[in-house]
Amino acid sequence: MSGRLLLVCRLLVRDLLRRRSETVLLVVAITAATATLTLGLALNDIAEQSYQQTRTATAGPDVVVTPLATGQAALDELASMTTAAGVTDHSGPFPIAYRTMTAHGRSAHAVVEGRDDAPVSVDRPAVTDGTWVRPGGVVVERFFADALGIRTGDTVSVDGHPLRVVGTAVTAARATYPYAGWHYPNSVLVERGGLVWVDRSDVATLAGSQPLSYTLKLKLADPAASSTYTLGPHLATWQAISHLNGRLYSDARVTLLVGSWLLNGLALAGVAGIVAGRVIGQRRRVGLLKAVGAGPAMIAAVHLAEYLVIGLVAAATGLAAGWFAAPVLIRPSAGLIGTVDAQPPALPTVIAGAALALTIAVAATLVPVVRAATTSTVHALADAATPPRRRRWRIWLSRRLPTALLIGVRLNARRPHRARLVTVNTLITTTALVAMLTVGTQVVHFDLGHTELANPRVERGEQAMLVLAVVLCVLALVNAVVSAGTAVLDARQPLAVARTLGTTPTQAGVGLALAQLLPAVPGVAAGIPAGLGLVAFLSIREVQYPPTSWLLATALGVLLAIAALTAVPAVVATRRPVVDTLQSAPT
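Rules and cut-offs
- Residues numbered from 1 in each chain as written.
- Predicted model: local features only at pLDDT ≥ 70, side-chain atom pairs only at ≥ 80, totals over all residues.
- Heavy atoms only, no water.
- Helix = DSSP H or I, 4+ residues; strand = E, 2+ residues; numbered from the N terminus.
- Buried < 20%, exposed > 50% of the residue type's maximum accessible area, 1.4 Å probe, protein only.
- Contact = heavy atoms within 4.5 Å.
- Areas by Shrake-Rupley, 256 points an atom, 1.4 Å probe, with all protein chains shown as cover.
- Patch = residues over 30% accessible without salt bridge, like charges linked within 9 Å, V, L, I, M, F, W, Y side chains within 5 Å.
- Salt bridge = Lys/Arg side-chain N within 4 Å of Asp/Glu carboxyl O.
- pLDDT = per-residue confidence, 0-100.
- Polar contact = N/O pair within 3.5 Å; in protein donor to acceptor, adjacent residues only side chain to side chain.
- Pairing = 2+ DSSP bridges.
- Axes fitted to C-alpha atoms, helices over the stretch in contact; angles between N-to-C directions.
- Left-handed = near helix turned anticlockwise from the far one by under 90°.
- Nonpolar A, V, L, I, M, F, W, Y, C, P; charged D, E, K, R; others polar.
- Phe/Tyr/Trp six-rings, centres within 6.5 Å; stacked < 30°, edge-to-face > 60°.
- Lys NZ or Arg CZ within 6 Å of the ring centre and 35° of its normal.
- Parallel < 35°, antiparallel > 145°, perpendicular 65-115°, else oblique.
- Expected span 1.5 Å × (residues − 1).
- Arc of directions from axis to C-beta.
- Core = buried A, V, L, I, M, F, W, Y, C linked by side-chain atoms within 4.5 Å.

1. Overview of the overall build of the chain
- Scanning the chain for helices and strands turns up 19 helices and 10 strands.
- Burial status across the chain gives 48% buried among its 587 residues.
- The long-range fraction of contacts in the chain, counting pairs at least 24 apart against all pairs at least 6 apart in sequence, stands at 84%.
- For the chain, the accessible area works out to roughly 26,500 Å², and carbon and sulfur atoms hold 64% of it.

2. Remarks on a nonpolar patch on the surface
- Judged by side-chain polarity, Val254, Phe537 and Leu538 come together as a nonpolar surface patch covering roughly 320 Å² of accessible area.
- Position of leucine 538 relative to the elements: it lies in helix H17 (residues 505–538).
- Note on leucine 538: relative accessible area 39%, which makes it partly exposed.

3. Digging into the confidence of the model for the chain
- In this model, the chain carries a mean pLDDT of 75, and residues with pLDDT of at least 70 account for 73%.
- Mean pLDDT across the elements of the chain bottoms out in helix H11 (residues 377–382) (54) and peaks in strand S5 (residues 137–141) (90).

4. Brief notes about the environment of leucine 25
- Tracing the sequence through the fold places leucine 25 in helix H2 (residues 20–57).
- Under the relative-accessibility criterion, leucine 25 is labelled partly exposed at 27%.
- The spacing of leucine 25 and valine 482 is 457 residues in sequence and 8.6 Å in space, taken between C-alpha atoms.

5. A look at the environment of aspartate 199
- Inspection of the secondary structure assignment puts aspartate 199 in strand S8 (residues 194–199).
- Overall, the relative accessible area of 12% leaves aspartate 199 in the buried class.
- In this structure, aspartate 199 is in contact with Gly114, Arg115, Val133, Arg134, Pro135 and Gly137, ignoring residues within four places of it in sequence.
- Engagement of the side chain of aspartate 199 in a polar contact is seen with the side chain of serine 201, the distance being 2.5 Å.

6. Remarks on the pairing of S5
- For S5, the tally of buried residues reaches 5 of 5 residues, placing the bulk of the element in the interior.
- Both S5 and strand S7 (residues 161–170) contribute to a ladder of 5 bridges, which runs parallel. Looking at the pairing, valine 140 lines up with threonine 168 of S7.
- Bridging between S5 and S8 involves 3 bridges; their strand directions are antiparallel. Looking across to S8, one finds that valine 139 is bridged to tryptophan 197.

7. What to know about unusual backbone geometry
- Following tyrosine 177, the chain continues into proline 178 via a peptide bond in cis, with omega recorded as 10°.
- Along the polypeptide, proline 178 turns up in the loop between S7 and S8.
- Unlike most non-glycine residues, alanine 59 shows phi in positive territory, near 50°.
- By secondary structure assignment, the location of alanine 59 is in the loop between H2 and strand S1 (63–65).
- Phi at aspartate 159 is positive, roughly 50°, even though this residue is not glycine.
- Positionally, aspartate 159 belongs in the loop between strand S6 (155–158) and S7.
- Looking at aspartate 159, the relative accessible area reads 37%, which means it is partly exposed.

8. Looking at the packing of helix H14 (residues 416–440) against H17
- Two elements in contact, H14 and H17, have axes separated by 6 Å at closest approach and are oriented at 35°. For the element pair H14 and H17, the recorded crossing hand is right-handed.
- In terms of residue class, the contact of H14 with H17 is built from 16 nonpolar, 9 polar and no charged.

9. Considerations on the packing of aromatic side chains
- Taken as a whole and judged by the stated rule, the model has 4 aromatic pairs.
- On the numbers, 5.8 Å between centres and 50° between planes, the contact of tryptophan 132 with tryptophan 197 is tilted. Of this pair, tryptophan 132 sits in the loop between strand S4 (126–130) and S5 while tryptophan 197 sits in strand S8, and the two are 65 residues apart along the sequence. For the pair tryptophan 132 and tryptophan 197, one class covers both residues: buried.
- When the ring of phenylalanine 144 is compared with that of tyrosine 177, the centres are 5.6 Å apart and the planes differ by 25°; the resulting orientation is stacked. Taken together, the residues phenylalanine 144 in helix H4 (residues 142–148) and tyrosine 177 in the loop between S7 and S8 connect sequence positions 33 residues apart. Pair check on accessibility: phenylalanine 144 and tyrosine 177 agree, each one buried.
- Taken together, the ring pairs in this structure connect Phe143, Phe144 and Tyr177 into an aromatic cluster.
- We note arginine 55 situated over the ring of tryptophan 238; from NZ or CZ to the ring centre the distance is 4.4 Å.

10. Here's the deal with the packing of helix H13 (residues 403–414) against H17
- Across the interface, H13 lies against H17 with an axial gap of 7 Å and an inter-helix angle of 50°. With respect to H17, the element H13 is oriented oblique. Both H13 and H17 take part in a crossing whose hand is right-handed. Taking contact as the criterion, the partners of Thr403, Ala404, Leu405, Ile407, Gly408, Val409, Leu411 and Asn412 in H13 are, on H17, Gln507, Ala508, Val510, Gly511, Leu512, Leu514, Ala515, Leu518 and Pro519.
- Among the residues making up the contact of H13 with H17, the classes are represented as 12 nonpolar, 5 polar and no charged.

11. Brief notes about the pairing of S7
- The element S7 is largely enclosed, with a buried count of 7 among its 10 residues.
- In the sheet, S6 pairs with S7 via 4 bridges, with the strands oriented antiparallel. Each bridged residue has a counterpart across the sheet, and for threonine 155 the counterpart in S7 is arginine 164.
- Turn length for the S6-S7 hairpin, with the two strands adjacent in sequence and antiparallel, is 2 residues, and the turn residue aspartate 159 shows positive phi of about 50°.

12. Concerning H13
- The first and last C-alpha atoms of H13 sit 17 Å apart over 12 residues, in line with the 16 Å expected at 1.5 Å per residue.
- All of the buried residues along H13 are Ala404, Ile407, Gly408, Leu411 and Asn412. All buried residues of H13 lie within an arc of 130° about the axis, which places them on one face of the element.

13. Here's the deal with the nonpolar core
- Met101, Val138, Val140, Phe144, Ile150, Val156 and Val196 are the most contacted members of the largest nonpolar core, which totals 44 residues.
- Once residues lying within four places of it in the same chain are set aside, the contact partners of valine 196 are Met101, Ala110, Val111, Val112, Glu113, Val138, Val139, Val140 and Phe144.
- Counting 30 residues, the second largest nonpolar core, distinct from the first, contains Ala29, Leu37, Ala361 and Met465.

Listed below in structure tokens is the structure:
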């Protein structure tokens, strides 16, 4: 047993060192899928971590109560809550007016909260620039200020009343812009808006004829017990506020998680292509091992051990890359305080990433490894390609094909497995590109009552899509290069024989390119409706489809990229003298 284990380890190390470039490509392919999945799962942790830091720094409340009633009726309703069981501290009630704020010619809904200059024990907004409230001044929630382009010292208008911006601040008592909870008095219909603070003496003037609402901030003996409160339009727990802040990342999270599954398919196709080439190159070694007494289990162990090690390395690399990249690529909301530390990923994220990497490694290698293990010793030592299935109608048709096209068809007939991988690679690539093109053509209206501003939720989704597009293009490029390179190496001897029979180097090179393009065409054709269908399936609103010319340009671009990537190694291969190629063939 120890001798067999030693043999497996020696062969594993030998293969990893001899095929370094292929090993690196395998690690890159699996790492890309694992990192994207980790990045998508990390977004929830980013939002929650930022909110908890803000809650700690601002003495955030456990429960915020804002009755639908206004005036004295609201104060009477809140009076009994300060002495309720489990309540250890409170601040307020604070007066609130739901008005419209105008800055730099743009107007938006604003929740105007009146505060005192003296600090309170619960909900102390942290001033990030300038000073706290004073008569005639306004403090704007930082994310809301960024959206409207407001800076300290600017002058804004709240329903015709000019106020000087004396500072910006953040709080954990309300969700950040645009989910501050603006609504008309006595209404349960909540609209988008931002939060501002003014001196308590100014609220009545700003409210005008509108009745004042009131809000109360409560601190509980057991903060976790706030989750048992019955949520309604008048009550918000800290868990609900954290969830609202997390909605800013929902589009980005969906984009990355769906993209990770597309990348899984690309990684699977890429790894399968590399593994198939490696196993084919090791077929003679399989025959030698069988000749000296190794059984199918030993052959399978030799191959699987190598790819399991690669999968584990890629899992660790992908988890680290995704987690460290998350706070850099998807920045926390400006409405929250603190920074996102690169802490170790949670156990569920580690398990998901490791399981994904190992699944890709095993699924891509299982079929070629089993095929190699069950191959007869004589066939493995002969190292012959799969003979094409000859049919009379195929022979009749092939006689009428141009030479270059005939070469491409015959090369795919010799290696049908590789042709199918090219189809899968182009299908997934085209699906992802068409889906991103379709999402980019959507026109999303984001109304804040009087002005349409940039939707921060969509902006984060676009950032995630950019990351996904870069990773997907790199992985698709790697797959195409590997597929083209493997096809050229495998076709050297057949093409050399064809050239001795009169085929020109140009015909041989075009034939190699067609061998890659022929299986790519159905993948591109199926990828266009697949990408449109994916967006339609995930969208909650009516989908606006891109122009047909854009879709055709995308399809043509994919096919041209494949042709260009195949042309370079094909030209190099056809320039090699035929005698040298035939002499290098194994005997």
